[in-house]
Amino acid sequence: MTSAVTSGVAALINDRDTTKVLVTTDASGVPHAAVTDFVQCGEDGRILYFEPLESSVANRNLTASIWFDRQVSIALRTPADERFHIGARPLRALVAGPAFQRHYDAFRARFGDLDLATVWVLQPERVDDQDFEQARRRQAEDRPFFQHLDRIARHASP
Amino acid sequence: MGFAQLKDVAPGRREFNETVSGHPDFPQLIALKIDVQRRGVHYTDQALSMVDAEIHQLRSANIFGTRDAVLRPQLPDSLLLRDGTSIVVDPSPLDHDPYFVDLIDGRLFLVDAGEVLEEVDLWHKPRFYDKFTRSGIPMNLVAQARPQRINLFLSSYCHFWAKDDGGCKFCDIVNFGKQQKSIFAGKPNRPRPADIAETVREALRERGRFTTFCITGGSVLKGGELFDVEVSHYIETLQAIGENFSTRKFPSQIVASAFNERQLSRLYEETGLSSYTTDLEVLDERLFQWICPGKAEHVGYKEWRSRLIRAVDIFGRGYVNTGIVGGIELARPHGFRTEAEGLARTLDEAEFLAENGVSTIHTVWVPRPGSTFGDQTAPSLDYYIRLAKGLHALRVKYRLRVDFDDYRRCGNHPDTDLARLL
C-alpha cells in the first residue's frame, strides 16, 4: 500500500524538534489530544507510536480505534512553523514478539528507564498541509462570502 | 491438505456474521477470538510449512488437555491477533468445524468458509526454552510461556480426583497429566525451587519478554489444615522466583484452592505474590455441587465464595478474582435450560462478588475428551459475547481493575480483553 506520507513529511515526523500532537477518541467519541515525543515514521511510510504507559488515555483510545475501525490524527508543527495534519488508522498493536522486543530495547536506549507497553502501527490515509497563510489566501479566493463586511468597508472603524 | 479442498467443513460463518451484527458495541476481533476458541483451529499443511521450531513456540507441557485427545507437540502453541489479543486455542478435529489457519502470500491468516478473516502471528519461543538447569532439566519443562507471561505448573495431579467422581466434570487435568507423561518424559512432577529460580533468572534475561507469572496446579488436600501442603508448595515456589527480584512484591498470580485467611496471610507476608485467584468454576450452588463435587465436599460453595471475599482484605480490591468455565452452567442434564437463564443467574452472582471486591472472569468452555463432559457442546457465540459484556460491565460499575489477569498478563478471558478500555 502506498503511504500518504511523502519523504519530506516523514523527515519532519522523525525530526526531534518537530512538535507532534496525537489526537484520539474514546469508545464514545470523546476526543483526547497529547503532545508526544514518541512518534516515528518507518521506511514503509507507516507511522509508529510508542506508548510507554499501558494505562494512558491514548493507549485506551487507540485500542478503541483498532476495535471499531476509527481514525486518529497527528498534528505536526516544525521549528520553521510548517504545519501538517495526518489522518491515520491503527493497523496493528505490537505487544509481544521479536519486533516488539527490538523496539523495547531501542526505546529504552533512547529514553532511559521507561517501559514500553505497545507499539502502535498506524497507516496514514491523508496528509493535509496546514500552512495558515496558504489556507487564508485559498479561502479568500475560493469562498468570498466567508468574511465580515467591516474588513472590506471603505471607511473601516478603527 | 490445503484450504481449498476443505472449505465446506466450516459452516459457522453465517452465525458469526449474524451474531456480531447484533452487537455493534462489541469488538469483532474479540468476537472472533471467542469463536475460534469455541470451534478450535486446523493448521493447513501450507501453514505448517512455515512453522520453525527454532523460532516459534510449539505446544508445550500444559495443565489441561486437547480437544481431540491427541497431543501433537510439533504444532504451534497458539495465536496472536493484530490488536495484540491472544487466542489460546487447541487444534480441533475437522468434524468440529474449526477455523483454518492458512498461508496466503507468505503470511498466516484465519480463514473460514472461504473468507480470509484476519492475519495472525504464531507465538514466539522464549530463549530459555532451549536451556537446561544445572540439574539437567530442560527449562521448558520447568516453566512454560505465553506471549508475555511465565507459567509454572506445580502439579498435574488434583487430589479431588482421588475419589471417584470427585474431580470437576469439565476438567481433564489428571487424564491429561498421564497422557503427556510419555511425550514430556523429563517433566518433573513438581519443579524444585532451585530449578525454578534458575529458570526464572534465565527467562528474565530476555528484555521486554515477560510481564508476570501465573502459578497453578491441582489441589492438594493434605496438611494440618486442608490445603496446608499446597500453600507450602506455593510459598517455596514464590520465594524461589522472588530471589530474582529487587522488589519485595512482583507481578504474579496464583490460581489455587480456596485458602483460609491464615494461609492467605502467609502467602502475602512470606512471598512476593501480588494477586490471588481461586476458581468457583460455576456461579450457582446447586450446579457447583453437581459439577465440582470434590470442591463442594471439602469446602462447599458458600465457604469457597466467602474465602474469596476475605482474600480481598489481604490482597486488595482489584487483586482477587474467580474463574468460571463460561457455559458449563448450561451442561446437560442438570444445567440451566436456556442461555438467558444461565446468563442471568451467572451475572447476578458475579454482581454479588463484585460488590464485595471480587472480579469474575470467564474462559470459553472446551468440552475435552478426557473430562466427564467431553461429549457436550459449548453454548452459542451470542452467549459468550453477552457473558463477556456482562462481566466487563460489572467491573465498570464497581470500578474493579483486573490488571493481573488481562489481555497481556493472561489472554484467555474475552471479558478481561475488554478491560483494555478501562
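The structure under discussion appears in the preceding block.
Residues numbered from 1 in each chain as written. Chains lettered and ligands numbered in written order. Predicted model: local features only at pLDDT ≥ 70, side-chain atom pairs only at ≥ 80, totals over all residues. Heavy atoms only, no water.

## Let's talk about the pairing of strand β9 (residues 149-153) of chain B
One face of the sheet, then the other: side chains in a regular strand alternate in exactly this way.
Residue and element names in this part refer to chain B.
Phase 1: For β9, the buried fraction is high: five of the five residues fall into the buried class.
Phase 2: Where burial is concerned, the two faces of β9 agree: the one with Arg149, Asn151 and Phe153 and the one with Ile150 and Leu152 are both buried.
Phase 3: Note: strand β8 (residues 144-146) against β9, three bridges, orientation antiparallel. In the sheet register, Arg146 faces β9, and the bridge partner there is Arg149.
Phase 4: In textbook terms, the turn of a hairpin is the stretch between consecutive antiparallel strands, and for β8 and β9 this stretch comprises two residues.
Phase 5: Pairing geometry for β9 and strand β10 (residues 212-216), over five bridges, is parallel. Each bridged residue has a counterpart across the sheet, and for Asn151 the counterpart in β10 is Cys214. (Buried < 20%, exposed > 50% of the residue type's maximum accessible area, 1.4 Å probe, protein only. Helix = DSSP H or I, 4+ residues; strand = E, 2+ residues; numbered from the N terminus. Pairing = 2+ DSSP bridges.)

## Focus: the interface of chain B and chain A
Much of the literature gives interface size as the accessible area that the parts lose upon coming together.
Phase 1: Tallying the contact residues gives 28 residues for chain B and 22 residues for chain A.
Phase 2: Here chain B packs against chain A, burying approximately 2,100 Å² in sum over the two surfaces, 53% of which is carbon and sulfur.
Phase 3: Across the chain B-chain A interface, the total number found is five salt bridges.
Phase 4: With its nearest N and O atoms 2.7 Å apart, the salt bridge here joins Arg207(B) to Asp105(A).
Phase 5: For the pair chain B and chain A, the number of links is 14 residue pairs in polar contact (both at pLDDT 80 or more).
Phase 6: Along the lines of polarity and charge, the residues of the side of chain B that touches chain A split into eleven nonpolar, four polar and 13 charged. (Contact = heavy atoms within 4.5 Å. Buried area = accessible area lost by both parts, 1.4 Å probe. Salt bridge = Lys/Arg side-chain N within 4 Å of Asp/Glu carboxyl O. Polar contact = N/O pair within 3.5 Å; in protein donor to acceptor, adjacent residues only side chain to side chain. Nonpolar A, V, L, I, M, F, W, Y, C, P; charged D, E, K, R; others polar.)

## Description of the packing of aromatic side chains
Aromatic ring pairs are defined here through the distance separating the ring centres and the angle between the ring planes.
Phase 1: Following the criterion strictly, the structure yields 20 aromatic pairs over all chains and no others.
Phase 2: Summarising the aromatic geometry, the rings of Phe38(A) and Phe111(A) are spaced 4.8 Å apart at their centres and angled 85 degrees between planes, so their arrangement reads as edge-to-face. Note that Phe38(A) is positioned in the loop between β2 (31-35) and β3 (39-41) and Phe111(A) in helix α3 (residues 98-111), a separation of 73 residues in sequence.
Phase 3: The structure contains a cluster of three or more aromatic residues connected by ring pairs, namely Phe227(B), Tyr234(B), Phe259(B), Tyr268(B), Tyr276(B) and Phe315(B).
Phase 4: The aromatic ring of Tyr268(B) is capped on one face by Lys249(B), whose charged end is 3.6 Å from the ring centroid.
Phase 5: The ring of Phe336(B) has Arg286(B) sitting right over it, with the charged end atom 5.9 Å from the ring centre. (Phe/Tyr/Trp six-rings, centres within 6.5 Å; stacked < 30°, edge-to-face > 60°. Lys NZ or Arg CZ within 6 Å of the ring centre and 35° of its normal.)

## A few points about the packing of helix α5 (residues 193-204) of chain B against helix α6 (residues 228-242) of chain B
All names here are of chain B.
Phase 1: Across the interface, α5 lies against α6 with an axial gap of 8 Å and an inter-helix angle of 35 degrees. The interaxial crossing formed by α5 with α6 has right-handed handedness. The residues of α6 that touch α5, namely those facing Pro193, Ile196, Ala197 and Val200, are Glu236, Thr237, Ala240 and Ile241.
Phase 2: Of the residues assigned to the contact of α5 with α6, the class counts are six nonpolar, one polar and one charged. (Axes fitted to C-alpha atoms, helices over the stretch in contact; angles between N-to-C directions. Left-handed = near helix turned anticlockwise from the far one by under 90°.)

## A word on the sheet that holds strand β5 (residues 107-112) of chain B
All names here are of chain B.
Phase 1: One open sheet accounts for four strands, arranged β1-β4-β5-β6; its pairing is mixed. Every interior strand has two partners, whereas the edge strands, β1 (41-43) and β6 (115-119), have only one. Averaged over all neighbouring strand pairs, the angle between strand axes comes to 40 degrees, with direction disregarded.
Phase 2: Alignment of β5 against β6, held across four bridges, turns out to be antiparallel. Residue pairing in the sheet places Val111 in a bridge with Val116 of β6.
Phase 3: Those strands touched by helix α1 (residues 13-21) are β4 (99-104), β5 and β6, and its axis lies near 60 degrees from that of β6.
Phase 4: Docked against the sheet, helix α2 (residues 28-39) engages β1, β4, β5 and β6, running at close to 110 degrees with respect to β4.

## Thoughts on the sheet that holds β8(B)
Residues and elements named next belong to chain B.
Phase 1: An order of β8-β9-β10-β11-β12-β13-β14 is seen for the seven strands of this open sheet, with the pairing classed as mixed. A strand with exactly one partner marks an edge of an open sheet, and here the two such strands are β8 and β14 (359-364).
Phase 2: Across four bridges, β10 lies against strand β11 (residues 252-255) in parallel orientation. Paired with Cys214 across the bridge in β11 is Gln253.

## Observations regarding the pairing of β4(B)
Residues and elements named next belong to chain B.
Phase 1: Inspection of the sheet shows β1 paired to β4 by three bridges, in the parallel sense. Across the sheet, the residue bridging to His42 is Phe100, located in β4.
Phase 2: Note that β4 and β5 share five bridges and pair antiparallel. In the sheet register, Val101 faces β5, and the bridge partner there is Leu110.
Phase 3: Hairpin connection, β4 to β5: the antiparallel pair is bridged by two residues, and Asp105 has positive phi, about 50 degrees.

## Topic: the layout of surface pockets
Phase 1: Taken as a whole, the largest pocket holds about 1,300 Å³ of empty space.
Phase 2: Lining the largest pocket are 48 residues, and of these Glu54(A), Thr211(B), Asp403(B), Arg408(B) and Arg409(B) lie nearest its centre.
Phase 3: Elements that contribute at least two residues to the lining of the largest pocket include exactly α2 (57-68) and α3 of chain A together with β10 and α12 (381-397) of chain B.
Phase 4: Partitioning the lining of the largest pocket into residue classes produces 19 nonpolar, twelve polar and 17 charged. (1 Å grid on protein atoms, 1.4 Å probe; cavity = no way out; pocket = protein on both sides within 12 Å on 5 of 7 lines; lining within 4 Å. Points joined across faces, edges and corners; volume = space filled by probe spheres on them.)

## Brief notes about α2(B)
Residue and element names in this part refer to chain B.
Phase 1: Between its first and last C-alpha, α2 extends 16 Å over twelve residues, near the 16 Å set by a 1.5 Å rise per residue.
Phase 2: With eleven of twelve residues buried, α2 is to be regarded as a mostly interior element.
Phase 3: Those residues of α2 that fall on the buried side of the exposure criterion are Leu29, Ile30, Ala31, Leu32, Lys33, Ile34, Asp35, Val36, Gln37, Arg38 and Arg39.
Phase 4: Of the residues one or two after α2, Gly40 is the one with positive phi, at around 80 degrees. (Expected span 1.5 Å × (residues − 1).)

## A look at the side chain of Asn260(B)
Residue and element names in this part refer to chain B.
Phase 1: Within the fold, Asn260 resides in the loop between β11 and α7 (261-270).
Phase 2: Residue classification places Asn260 among the buried residues on the basis of a relative accessible area of 12%.
Phase 3: Of the polar contacts made by the side chain of Asn260, one reaches the backbone nitrogen of Arg262; its length is 3.2 Å.
Phase 4: Excluding residues that lie within four positions of it along the chain, Asn260 makes contacts with Glu225 and Arg307.

## Considering the pattern of salt bridges
Phase 1: What the rule picks out here adds up to 49 salt bridges over all chains.
Phase 2: The residue Asp81(A) makes a salt bridge to Arg77(A) at a minimum N-O spacing of 2.7 Å.
Phase 3: Exposure remark for Asp81(A): the relative accessible area of 33% places this residue in the partly exposed category.
Phase 4: Where Asp130(B) meets Lys125(B), a salt bridge forms, and the shortest distance between an N and an O atom there is 3.0 Å.
Phase 5: Among the charged side chains, a salt-bridge network with shared partners connects Arg13(B), Glu15(B), Asp35(B), Arg38(B), Arg39(B), Asp97(B) and Asp112(B).

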